[in-house]
Amino acid sequence: MNSECDSMRDRIADLISGVLPETEAEPVAEHIGKCRGCGAYAEALQQEDLLLDGFVGSFGEEMSRREEKAIEALSRFETQSRSGVRMHLRSVLTKHAAAAVVVVVVGLYFAITFSWVTQITALIRYGL
Amino acid sequence: MNGLSDEILVAAAQRGDKSAYSILVKRHYRYVFAVCLGMLGNVHDAEDMAQDAVLKGFVKIGELRRAEQFGEWVVRIAKNLCVDLVRRRKHKKPLIAEQASESGGTSAAKLDLEQALGRLPREFRVPLMMYYFDNKSAKTIAAKLNISHSGVCQRIRSARKQLHKLLSEGVQDE
């Protein structure tokens, strides 16, 4: 492989992959035509290109099923989120109810304690 | 609704229209899957991550400011999720070949190709996978991966050269 072939290999890879600008394709094709080594290289890359196409193509049949699966997951997620919100609201309500009970109990405790203190004070002041 | 632009569908999805988001998913899923496959080199993981990316996109759609860039945005979400997964599983090696062995009836050549793809560096494998999944449009890949057109071409070239080397030398199990 001479230095020309060496620099050509990059462009051959580009040509076979389809990323070489059209304006640069002609000298590359010409070189492939006259250089046996680069011709074999181009042929091997072409075979690999077909393999890659086949590999990706094999997913094509499954792609719609995968898309549907993702959309189904989306629906499940939405339902779960809604029930999650309900659960959250329920837990918020429970917390508020518990807090209200605590406030009432504490209030009653102070009310009762205060009334006893008042009564005892009155007894001390007037009764004793 | 299928003929509507991404901008219109994103706006509808932002208002909570799930069917609009489903169309966006159908439109962009193959790119998301290709990125995940390129990043992870494993079909099952790629499928899971692509699904997670789509769900995360749905949750965060309200944060998307440039609706016309939905494709790039959801691909970015997928990439970030894959990076996180790779970080979490640093010890585990990616194996595209797993798919082949599970699906059965795979030719030796295909198995070699999948093994070779699994050995490519991630920065080459991602654009290569996307390129082939996207009917060989380097321009679209450049936009989706947020790299220059010449950068994509260079990576595809390097990927093809390394792949050829791996395939011609024969992929051996480590």
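Before any of the text, the structure's been laid out above.
Residues numbered from 1 in each chain as written. Chains lettered and ligands numbered in written order. Predicted model: local features only at pLDDT ≥ 70, side-chain atom pairs only at ≥ 80, totals over all residues.

1. A few points about the overall build of chain B
Applicable threshold: Helix numbers and strand numbers start at the N terminus; a helix is a DSSP run of H or I with at least 4 residues, a strand a run of E with at least 2. Counting other C-beta atoms within 10 Å of a residue's own tells you its class, since 20 or more makes it buried, 12 or fewer makes it exposed, and anything in between is partly exposed; those C-beta atoms are placed from the backbone. Throughout, a residue-residue contact means that the two C-beta atoms, derived from backbone geometry, are no farther apart than 7 Å.
Counting its regular elements, chain B contains 9 helices and 0 strands. Counted from the first residue to the last, chain B has its helices and strands arranged as α-α-α-α-α-α-α-α-α. Here chain B holds 174 residues, and the buried ones make up 46% of them. In chain B, of all internal contacts separated by at least 6 residues, the share reaching a separation of at least 24 is 63%.

2. Details of the overall build of chain A
The criterion, for reference: Put simply, the radius of gyration uses C-alpha atoms, and a globule should come to 2.2 Å times the residue count raised to 0.38.
Within chain A one finds 3 helices and 0 strands. Ordered by position from the N terminus, the helices and strands of chain A form the series α-α-α. In terms of overall size, chain A is more extended than a compact globule, its C-alpha atoms giving a radius of gyration of 42 Å where 128 residues would be expected to give roughly 14 Å. When the backbone C-alpha atoms are referred to their principal axes, chain A occupies close to 130 × 35 × 25 Å. Within chain A, the fraction of its 128 residues that count as buried is 16%.

3. Some thoughts on helix α1 (residues 3-17) of chain A
Turn by turn, an α-helix covers 3.6 residues, leaving residues three or four places apart pointing in a common direction. Residue and element names in this part refer to chain A. The criterion, for reference: Expected helix span is given by 1.5 Å per residue-to-residue step, counting one fewer step than there are residues. Think of it this way: the bend at a residue is just the angle between two axes, each fitted to seven residues, one set ending at that residue and the other starting at it.
Here α1 contains 15 residues, and its C-alpha end-to-end distance of 22 Å stays within 8% of the 21 Å for a straight helix at 1.5 Å per residue. Taking the largest bend as the criterion, α1 deviates by roughly 30°, centred on Arg 9. Listing the buried residues of α1 in full gives Met 8, Ile 12, Ala 13, Asp 14, Leu 15, Ile 16 and Ser 17. Positive phi appears at Gly 18, one or two residues downstream of α1, with a value of about 90°.

4. Topic: the interface of chain B and chain A
As a reminder of what qualifies: Residue polarity follows a fixed list, in which Ala, Val, Leu, Ile, Met, Phe, Trp, Tyr, Cys and Pro are nonpolar, Asp, Glu, Lys and Arg are charged, and the others, Gly among them, are polar.
Each side of the interface is counted separately: chain B has 29 residues, and chain A has 24 residues. Listed by contribution, the elements that provide at least two residues to the side of chain B that touches chain A are α2 (18-40), α3 (43-60), α6 (108-119), α7 (122-133) and α9 (149-169) of chain B. Tallied by class, the residues present in the side of chain B that touches chain A amount to 16 nonpolar, 4 polar and 9 charged.

5. Thoughts on the nonpolar core
Definition in use: For this analysis, nonpolar core means a set of buried Ala, Val, Leu, Ile, Met, Phe, Trp, Tyr and Cys residues linked through C-beta atoms within 7 Å.
Core analysis: the largest hydrophobic core is formed by 62 residues, its most contacted members being Val 32, Val 35, Cys 36, Ala 50, Ala 78 and Met 130 of chain B. With 15 residues, the top contributor of residues to this core is α2 of chain B. Ignoring any residue separated from it by four or fewer positions in sequence, one finds Val 35 of chain B in contact with Val 75, Ala 78, Lys 79, Val 126 and Met 130 of chain B. Among the nonpolar cores identified, the runner-up in size contains 10 residues, and Met 8, Ile 32, Cys 38 and Ala 42 of chain A belong to it.

6. Here we look at the environment of Met 63 of chain A
Residues and elements named next belong to chain A. On the secondary structure map, Met 63 appears in helix α3 (residues 36-127). What makes Met 63 partly exposed here is the crowd of 15 C-beta atoms within 10 Å. C-alpha separation for the pair Met 63 and Glu 43, spaced 20 residues apart in sequence, amounts to 30 Å.

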